[in-house]
Protein chains: 2
Amino acid sequence: MLVNQIGNGLSTSANNAPEPISGGHFPKVRIEDDVKAQYQLLTAHFGITQLELVVGGSMGAQQTYEWIVRYPDFMRKAAPIAGYAKNSEHDFIFTQTLMDTISSDPHFKDGFYDQAEMVPALKRQGNLWNVMGYSPEMFRQKAYQALGFDTAEAFAKGFTEEYFAVMDPNVLQTCAWKWQRGDVSRNTGGDLAAALGRVKAKVFVMPIDHDMFFIEEDCRLEQELIPNSEFRPLKTIWGHLGLFGMDKGYLDQVDRHLKELLSL
Amino acid sequence: MLVNQIGNGLSTSANNAPEPISGGHFPKVRIEDDVKAQYQLLTAHFGITQLELVVGGSMGAQQTYEWIVRYPDFMRKAAPIAGYAKNSEHDFIFTQTLMDTISSDPHFKDGFYDQAEMVPALKRQGNLWNVMGYSPEMFRQKAYQALGFDTAEAFAKGFTEEYFAVMDPNVLQTCAWKWQRGDVSRNTGGDLAAALGRVKAKVFVMPIDHDMFFIEEDCRLEQELIPNSEFRPLKTIWGHLGLFGMDKGYLDQVDRHLKELLSL
């Protein structure tokens, strides 16, 4: 089962919610709100009381961590991919720079904007993703040429900036605010070791080696706090946005680890 | 001898040049313009025809590379610290995001601004430096606390943002445009191996291991193209802005390598 996160533009979000929570009035939402709603969906709506595997990438990893800490008896296995149990200070600041590309634009008007006027700001956010979303190694190897772009500039503008140019700014702000504050230690009064010590699932912690903001070493330090866990880093020069799946080798690694986890 | 680079706010720059090259009319300048001017200063003004050592960090490294390629007989030794001979595509894009914080602000007015109105844009640029200028490891270890800041936010705002808040936007744009285009292969029709193959000086190539935009591995690949060179990476979790000197251990490494180089 794949559930859209709250505020992402497809689930209930700033762009589709009714008054009084539409547009710039959409409320702040946390990772735990997603997980609580998903729990309710599974139990009350579908009558499911046990999951074999919880898995997700990026903010999906944040949700995975929240799941295994908040409902430790609910799943047998879990695999957070490229995300933290408790967000880092460095990543918080990076996410702030993303949000600032939008909020600093005078056309934003506290969330009550004309979408067309926000395109330059959205492209500036896209360009930050060019810097942090892949890796210097990807650019050095010109791996973007496999996607049909001759130059880094053509890729940066034609792929990444265009990807963000059509997004809804309020949706990006909702998700970024939530992403910044992902932290399972909110379940245990700020004690991360206590929170991760609760986990009963068998966990494969799967960072991406070239990820520039969910850092492999930070993920390893969290993995060490989880009783029944293994460290399974994924190798791709595509960095965090390897999650898009442009690197077949990366997808093969994910499949291999998940198959092994499911076979245990 | 320490020479300010053209356009940096102390040498002839947008903020101090007379009409018709003041403010937003200040011309684009390249690394090679700096090096040609420095050569003229040394030879025509001081009558110096030989240097023992050329050394510089960041854009100073770019100038160092330009020196040893353009005037290969002029120095016996050289040490580029945390910079490239030919700038990378990834770094070009990072630098563009810095420039965009300024040029996207409606108060910029093509370089004819009121400085006070540019402070928010300058702080946004400062925050990008928080993301890319240090390293995730520095934040994880809370090394900023040694500078007297209790929290990452206090450091990010009180140190880095304030550092940039007082800078002249045109000066930053002049330097960033120059930084983006540093490339010694302009001396050899685009052939980097031919350019670095010219070098006669004994060279220590000294990247910073946690530098997020002048990457250690990219520096190593350039070092391999320099005939009489050694790879001497510097270790500091402060990343690129370790150049500021807040890490005594980093400064000790620089001293040790330079002393060894001078003793050869």
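One can find the structure itself at the top, above this paragraph.
What you are looking at is a predicted structure, and each value in this text was computed from that prediction instead of being measured. (Residues numbered from 1 in each chain as written. Chains lettered and ligands numbered in written order. Predicted model: local features only at pLDDT ≥ 70, side-chain atom pairs only at ≥ 80, totals over all residues. Heavy atoms only, no water.)

Asks: I keep staring at the environment of Glu162 of chain B and nothing clicks. Help me out?
Replies: Residues and elements named next belong to chain B. Looking at the element boundaries, Glu162 is found in helix H6 (residues 152–165). With relative accessibility at 38%, the residue Glu162 sits in the partly exposed group. Sequence-wise, Glu162 and Arg220 are 58 residues apart; in three dimensions their C-alpha atoms are separated by 34 Å. (Helix = DSSP H or I, 4+ residues; strand = E, 2+ residues; numbered from the N terminus. Buried < 20%, exposed > 50% of the residue type's maximum accessible area, 1.4 Å probe, protein only.)

Asks: Help me out: how do you make sense of the interface of chain B and chain A in this one?
Replies: How big an interface is tends to be reported as the loss of accessible area on association of its parts. With 29 residues of chain B at the interface, the matching set in chain A holds 29 residues. Of the roughly 2400 Å² buried between chain B and chain A on both sides combined, carbon and sulfur atoms contribute 68%. The tally of links between chain B and chain A comes to 4 salt bridges. Close ionic contact of Arg140 of chain B with Asp218 of chain A constitutes a salt bridge, the shortest N to O distance being 2.4 Å. Remark: the boundary between chain B and chain A carries 8 residue pairs in polar contact (both at pLDDT 80 or more). Counting only elements with at least two residues in the side of chain B that touches chain A, the list comes to helix H3 (89–103), helix H4 (119–132), helix H5 (136–140), H6 and helix H9 (216–223) of chain B. Ranked by the residues each element gives to the side of chain B that touches chain A, the list is headed by H3 of chain B, at 7 residues. A per-class count over the side of chain B that touches chain A returns 14 nonpolar, 7 polar and 8 charged. (Contact = heavy atoms within 4.5 Å. Buried area = accessible area lost by both parts, 1.4 Å probe. Salt bridge = Lys/Arg side-chain N within 4 Å of Asp/Glu carboxyl O. Polar contact = N/O pair within 3.5 Å; in protein donor to acceptor, adjacent residues only side chain to side chain. Nonpolar A, V, L, I, M, F, W, Y, C, P; charged D, E, K, R; others polar.)

Asks: Explanation requested: the side chain of Gln253 of chain B in the structure shown.
Replies: Residues and elements named next belong to chain B. With respect to the helices and strands, Gln253 occurs in helix H10 (residues 248–263). For Gln253, a relative accessible area of 13% translates into the label buried. Polar contacts involving the side chain of Gln253 include one to the main-chain amide nitrogen of Lys235, which spans 2.7 Å. Excluding residues within four positions of it along the chain, Gln253 makes contact with Pro233, Leu234 and Lys235.

Asks: For this particular structure, what's the right way to read unusual backbone geometry?
Replies: Most peptide bonds take the trans form, and the phi angle of most residues other than glycine is negative. Along the chain, Glu19 of chain A connects to Pro20 of chain A via a cis peptide bond; the corresponding omega equals 5°. When you line up the elements, Pro20 of chain A lands in the segment before helix H1 (31–45). Phi angles above zero are rare outside glycine, and Lys109 of chain A is one such case at about 50°. With respect to the secondary-structure elements, Lys109 of chain A resides in the loop between helix H3 (89–103) and helix H4 (119–132). The class for Lys109 of chain A is partly exposed, based on a relative accessible area of 48%. At Ser58 of chain B, a residue that is not glycine, the phi angle is positive and equals roughly 60°.

Asks: Would you mind showing me how to read a nonpolar patch on the surface here?
Replies: A cluster of nonpolar side chains, contributed by Met1, Val3 and Phe46 of chain A, occupies part of the molecular surface with about 320 Å² of accessible area. Judged by relative accessible area, which is 65%, Met1 of chain A ranks as exposed. (Patch = residues over 30% accessible without salt bridge, like charges linked within 9 Å, V, L, I, M, F, W, Y side chains within 5 Å. Areas by Shrake-Rupley, 256 points an atom, 1.4 Å probe, with all protein chains shown as cover.)

Asks: Is there a simple way to think about the packing of aromatic side chains in this case?
Replies: Enumeration according to the criterion identifies 56 aromatic pairs over all chains in this entry. For the pair Phe94 of chain B and Phe213 of chain B, a centre-to-centre distance of 4.8 Å together with 40° between the ring planes defines the contact as tilted. Highlighted residues: Phe94 of chain B in helix H3 and Phe213 of chain B in the loop between strand E3 (202–205) and H9, separated in sequence by 119 residues. Take Phe94 of chain B: its relative accessible area is 1%, and that puts it in the buried class. Grouped by ring-pair contacts, the aromatic residues Tyr84, Phe94, Trp129, Tyr163, Phe164, Trp179, Phe213, Phe214 and Phe244 of chain A constitute a single cluster. The positively charged end of Arg232 of chain A is found above the aromatic ring belonging to Phe204 of chain A, 4.0 Å away from the centroid. (Phe/Tyr/Trp six-rings, centres within 6.5 Å; stacked < 30°, edge-to-face > 60°. Lys NZ or Arg CZ within 6 Å of the ring centre and 35° of its normal.)

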